[in-house]
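# Coordinate analysis (summary)
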Amino acid sequence: MSTHLVDVSGLDVRFGATHAVRDFSLAVAQGESVGLVGESGSGKSAALLALLGLHPEARVQVSARTLRVGGTDLLSATGPQLRDLRGGVAGLIFQDPLAALNPLLTVGAQVSEVLRRHRRLPARAARQEAAALLALVGITDAQARLGHYPHEFSGGMRQRVMIATALAGQPRLLLADEPTTALDVSVQSEIVRLILRLRAERGMGLLWVTHDLALMAGIVDRVVVMYAGRVMETAPVDALYGRPRHPYTQTLLASLPRLDRPHRPRAALPAEATAPGHGAQTGCPFAPRCPRRFSACDTLPPLFTDGATQAACWLLA
Amino acid sequence: MTGAAPLAEMAGVSVRYRRAGRLSHGLIAIDLQLAANATVAVVGESGCGKSTLGRVLLHLQQPSEGAVRFRGEDLTLLKRAELRRRRRAMQMIFQDPFASLNARMTIGETLAEPLVVHGLARWRDARPRVAAMLERVGLEPGVAARYPHEFSGGQRQRIAIARAVIAEPELVVADEPLSALDMTVQGQIVSLLASLQETLSLTYLFISHDLPLVREFAGRVVVMIAGRIVEDGPPDAVFATPAHPYTKLLVSCVPVPDPAQERARQAAAGNTSTIAAAEAPDHAACPFRSRCPHAMPICATMPPFRHVAPDRQAACWLHESS
Ligand SMILES: Nc1ncnc2c1ncn2[C@@H]1O[C@H](COP(=O)(O)OP(=O)(O)OP(=O)(O)O)[C@@H](O)[C@H]1O
Ligand SMILES: Nc1ncnc2c1ncn2[C@@H]1O[C@H](COP(=O)(O)OP(=O)(O)OP(=O)(O)O)[C@@H](O)[C@H]1O
Ligand code: SF4
Ligand SMILES: [Mg+2]
Ligand SMILES: [Mg+2]
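Read on for a plain summary of the structure. All of these numbers come straight from a predicted model, not from anything done at the bench.

### What about the overall build of chain A?
In terms of regular secondary structure, chain A is built from 11 helices and 13 strands. Scaling as 2.2 N^0.38, a compact globule of 317 residues should have a C-alpha radius of gyration of about 20 Å, and chain A matches this with 20 Å. Counting only C-alpha atoms, chain A reaches 65 × 50 × 35 Å along its principal axes. Within the span of chain A, comprising 317 residues, buried residues form 58% of the whole. Long-range contacts, defined as pairs at least 24 residues apart, comprise 62% of the intrachain contacts of chain A with a sequence gap of at least 6. Accessible surface computed for chain A: about 12400 Å², of which carbon and sulfur atoms make up 52%.

### Brief notes about the layout of surface pockets
To locate leftover empty space, one rolls a probe as large as a water molecule over the atoms. Here the second largest pocket is characterised by a volume of approximately 1200 Å³. Along its surface, the second largest pocket is lined by 44 residues, and Phe15(A), Leu49(A), His149(B), Phe151(B) and Arg156(B) are the ones closest to its centre. Listing elements by their share of the lining of the second largest pocket, those giving two or more residues are strand E2 (18-28), helix H1 (44-51) and helix H3 (97-100) of chain A together with helix H6 (153-165) of chain B. Among the elements that take part in the lining of the second largest pocket, H1(A) stands out by supplying 5 residues, more than any other. Here the lining of the second largest pocket is composed, by residue class, of 20 nonpolar, 16 polar and 8 charged.

### Things to note about the side chain of Arg289(A)
Residues and elements named next belong to chain A. As for its placement among the helices and strands, Arg289 is situated in the loop between helix H11 (247-254) and strand E12 (304-306). Of the polar contacts made by the side chain of Arg289, one reaches the side chain of Glu39; its length is 3.3 Å. There is a polar contact of 3.2 Å between the side chain of Arg289 and the side chain of Tyr227.

### Description of the nonpolar core
Residues and elements named next belong to chain A. By size, the foremost hydrophobic cluster in this structure holds 63 residues, and its most contacted members are Leu134, Leu174, Trp208, Leu213, Val223 and Tyr241. Here the element with the most residues in this core is helix H7 (residues 155-168); it accounts for 8 residues. Excluding its chain neighbours within four sequence positions, the residues that come into contact with Leu134 are Val107, Ile139, Ala142, Leu146, Val161 and Ala164.

### A look at the packing of aromatic side chains
To describe a pair of aromatic rings, you give the distance between the ring centres and the angle between the ring planes. Scanning the entire structure with this criterion turns up 7 aromatic pairs over all chains. Ring centres 5.1 Å apart and planes at 80° place the aromatic pair Tyr227(A) and Phe286(A) in the edge-to-face group. Of the two residues, Tyr227(A) is situated in strand E10 (residues 222-227) and Phe286(A) in the loop between H11 and E12; the sequence distance between them amounts to 59 residues. Each member of the pair Tyr227(A) and Phe286(A) is classed as buried. Ring plane angle 65° and centroid distance 5.3 Å describe the contact between Tyr248(A) and Phe286(A), whose orientation is recorded as edge-to-face. Here Tyr248(A), found in helix H11, pairs with Phe286(A), found in the loop between H11 and E12; they are 38 residues apart in sequence, far enough to count as distant. The buried category is assigned to Tyr248(A), whose relative accessible area is 0%. Following the ring pairs from residue to residue traces out a cluster consisting of Tyr227(A), Tyr248(A) and Phe286(A). Here the basic side chain of Arg145(A) rests over the ring of Phe153(A), its NZ or CZ set 4.8 Å away from the ring centre. The ring of Phe151(B) carries the charged tip of Arg146(B) above its face, separated from the ring centre by 4.6 Å.

### Examining the sheet that holds strand E10 (residues 228-233) of chain B
Residue and element names in this part refer to chain B. Judged by pairing direction, the sheet is mixed, and its 8 strands sit side by side in the order E6-E7-E8-E3-E9-E10-E12-E11 without closing on themselves. Each of the sheet's edge strands pairs with one partner strand only, and the pair in question is strand E6 (90-93) and strand E11 (306-309). Across the sheet, the mean angle from the axis of one strand to that of its neighbour is 25°, orientation sign disregarded. On the sheet, helix H1 (residues 50-57) packs against strand E3 (39-44), E6, strand E7 (171-175), strand E8 (203-207) and strand E9 (220-225) and is oriented at approximately 155° with respect to E8.

### Quick word on the site of ligand 1
Around ligand 1, 21 residues are found, and the nearest of them are Ser40(A), Gly41(A), Ser152(B), Gly154(B) and Gln155(B). Surrounding ligand 1 are residues belonging to chains A and B, so the site spans chains. Between ligand 1 and Ser40(A), the relevant distance is 2.8 Å, taken from an oxygen atom to a side-chain nitrogen or oxygen of the residue. Taking His211(A), its side chain carries an N or O atom lying 2.9 Å from an oxygen atom of ligand 1. Against a free-state accessible area of 640 Å², the protein chains account for coverage of 91% of ligand 1. Cavity membership is defined here by more than half of the atoms lying within 2 Å of grid points; on that basis ligand 1 lies in the second largest pocket. Residue assignment for the shell around ligand 1 shows that the elements contributing at least two residues are H1 of chain A together with H6 of chain B. Along the lines of polarity and charge, the residues of the shell around ligand 1 split into 5 nonpolar, 12 polar and 4 charged.

### Section: the sheet that holds strand E1 (residues 8-19) of chain B
Residue and element names in this part refer to chain B. Strand order in this open sheet of 4 strands is E2-E1-E4-E5, and the pairing throughout is antiparallel. The sheet is open, and its two borders are formed by strand E2 (22-34) and strand E5 (73-74), each paired with just one other strand. Pairing of E1 with E2 involves 9 bridges; the strand directions are antiparallel. Counterpart to Ala8 in the pairing with E2 is Leu34. Running over the sheet, H1 touches E1, E2 and strand E4 (65-70) and is turned about 120° from E1.

### Observations concerning the site of ligand 3
All residues in the neighbourhood of ligand 3 are listed as His244(B), Pro245(B), Cys286(B), Phe288(B), Arg289(B), Cys292(B), His294(B), Cys299(B), Pro303(B), Cys316(B), Trp317(B) and Leu318(B). The residue makeup of the shell around ligand 3, split by class, is 9 nonpolar, 2 polar and 1 charged.

### What about the coordination of the magnesium ion (ligand 5)?
Note on the magnesium ion (ligand 5): its protein donors are Ser51(B) (OG) and Gln95(B) (OE1). The metal-donor distances range over 2.0 to 2.3 Å. Here the residue Ser51(B) occupies a position in helix H1, and Gln95(B) occupies one in the loop between E6 and helix H3 (97-100), the gap between them amounting to 44 residues.

### Some remarks on empty space enclosed by the protein
For the structure shown, the criterion picks out 6 cavities of 30 Å³ or more. Size it by volume and the largest cavity reaches roughly 530 Å³. Around the largest cavity sit 37 residues that line it, and Gln188(A), Asp212(A), Met183(B), His209(B) and Asp210(B) are the ones nearest its centre. Elements with a minimum of two residues in the lining of the largest cavity: helix H8 (185-202), strand E9 (205-209) and helix H9 (213-217) of chain A together with helix H7 (183-200) and helix H8 (211-217) of chain B. Residue contributions to the lining of the largest cavity peak at 3 residues, all from H8(B).

### Some thoughts on the packing of helix H4 (residues 107-117) of chain B against H6(B)
All names here are of chain B. Running from N to C, H4 and H6 cross one another at 25°; their axes reach a closest spacing of 8 Å. As summarised for this structure, H4 and H6 are arranged roughly parallel, according to the angle between their axes. Every residue of H6 that contacts H4 at Ile107, Thr110, Leu111, Glu113 and Pro114 is listed here: Ile159, Ala162 and Arg163. Among the residues forming the contact of H4 with H6, the class breakdown is 5 nonpolar, 1 polar and 2 charged.

Reading the values: the criteria
Residues numbered from 1 in each chain as written. Chains lettered and ligands numbered in written order. Predicted model: local features only at pLDDT ≥ 70, side-chain atom pairs only at ≥ 80, totals over all residues. Heavy atoms only, no water. Helix = DSSP H or I, 4+ residues; strand = E, 2+ residues; numbered from the N terminus. Rg over C-alpha atoms; globule rule 2.2 N^0.38 Å. Buried < 20%, exposed > 50% of the residue type's maximum accessible area, 1.4 Å probe, protein only. Contact = heavy atoms within 4.5 Å. Areas by Shrake-Rupley, 256 points an atom, 1.4 Å probe, with all protein chains shown as cover. 1 Å grid on protein atoms, 1.4 Å probe; cavity = no way out; pocket = protein on both sides within 12 Å on 5 of 7 lines; lining within 4 Å. Points joined across faces, edges and corners; volume = space filled by probe spheres on them. Nonpolar A, V, L, I, M, F, W, Y, C, P; charged D, E, K, R; others polar. Polar contact = N/O pair within 3.5 Å; in protein donor to acceptor, adjacent residues only side chain to side chain. Core = buried A, V, L, I, M, F, W, Y, C linked by side-chain atoms within 4.5 Å. Phe/Tyr/Trp six-rings, centres within 6.5 Å; stacked < 30°, edge-to-face > 60°. Lys NZ or Arg CZ within 6 Å of the ring centre and 35° of its normal. Pairing = 2+ DSSP bridges. Axes fitted to C-alpha atoms, helices over the stretch in contact; angles between N-to-C directions. Near = heavy atom within 4 Å. Sits in = over half its atoms within 2 Å of the grid points. Donors = N, O, S within 2.8 Å, 3.2 Å for Na, K, Ca; no water. Parallel < 35°, antiparallel > 145°, perpendicular 65-115°, else oblique.

This is the structure in structure tokens:
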């Protein structure tokens, strides 16, 4: 049995004709923090949901060679095993707080529910702990706020409620899908420090999906870059920022506006209306927009290894 | 704030929420004028009232006090039918894309609806315009037959943008419209918004947490805490030399894409907390007082909003003596 919290290989996710995730592999060790970045629609959320078996079987086809999370084999897991995994072993922060929170239940009831189920706290203690968790994520007047419904919170407060819910079960693994997009940078930096502290204290593993490459620089050990359902590059964080190898990663980093430097126009990619996932990919999926494409790119590149970096690009062959 | 009459204006606007018998303040005495064709960004602490400000400006929510004007007309006095006619000119991109989209309508219908409702097209001939709009936000026209839940977060956000601009409005309140987009798609949408502004003379109120993006996209920025505006000015100047201590805190928290620098920042921050205190706020005092490194006895009264430069204003007692 592997000691990794996440051990995935050959993961494919299909929404009917849309092939959203293709041959995806990922390992996250205990206490490790991994960042997942990539173009909008490249399959990041679809991959994350597959890790907890959250895709409805009837409409979504999920297959993999290995799909193991926190010691549970998702390819053969039973209902009770899945329930222990979700919210207990692994906490998930959804990309969309409004869709993830129940509009008909108070925020206190939703956080308490996790505490009662996964930490077996009695009702009163669960309420106390729920208030403490809300205060921890910076919700002012937390005790009074327990009785409020999600619509009475601001966007960023809802996001923090979801973070509190995900942390409530004291998970060994935290899966976070764009967890701080609705937070101002000052609250964001507090939340990040909170999560990193829990990681240090409990050896919690982290998988962050984010578009914020500046934020990610300080919070992960390793980065996985996706494009059109596939992994394009994976590298230790310093190598990725210091010497990005895949042309897509290079474009991503080149288009960052920075407050500490004078403004300059962004590096633009040729615009392409993408509906990732349709049809077979015979060549490199990035080729139509790649500034460095050459004849070899008509064939799908495998992941080439160079030092600690792996990149799916013929330039590394 | 030029001589010309503003396109939209809020004067003395307050919003109070009553929850379980307790009163809380969403907005306090807001005065804000938006010049036509301007891009004004709103930044500030999570929960400080930015989304409320946007909704009140478009009259999607009634203020408890104060006037909201569009082209000089007080919207709070308009009848429902008249207000509906004005709607085309004023669009909102909601912070949560699901709130902008109807789960039971296809994307094609969602984008055609504003055209049909405002008599700009019939259902049948809306299709080419819908297809063109989808392409401009980086989506294949073929997706028109799909439903909102079949998209990724960033794709939904782009559909919400497309819906807001397709009927060619005059004022758009965009609440965190680009937060779910990767850098390259974000660049594409920023140029789309800029080119629409040029061709349609659009005015944007742009709510965002992304300070570098605000500097790139907006000509003016307004900084809020706890329901109040505490600083106002051009983003370049405001971020380079913040006049308000809260703005200074915000700027110091902006991450940079450099792992070594970011790790050093984490280490330096240690366990100090800058999050708002747990007790309910005191509205007679400066809203930043409990966290401000410069707080003085006088900060127990709310400082006035004063010019600190010809094109800049701030509400902080530090600027009263000079
Ligand atoms: N329920 C669904 N039915 C059909 N297609 C879907 C569904 N969910 C996602 N897709 C498609 O699968 C692809 C991957 O979606 P996913 O949500 O994983 O993207 P993402 O990388 O998380 O993007 P973003 O950064 O915009 O959130 C997209 O092209 C999307 O349109
Ligand atoms: N319908 C409501 N009922 C009660 N309180 C509300 C309601 N809507 C908003 N509030 C409160 O008003 C305050 C301001 O909310 P608003 O959504 O405007 O904040 P915001 O600045 O947009 O925050 P964020 O950046 O987190 O989205 C918050 O404290 C919120 O809880
Ligand atoms: S008014 Fe006082 S407390 Fe408020 S920001 Fe200025 S110095 Fe700080
Ligand atoms: Mg996503
Ligand atoms: Mg908001």
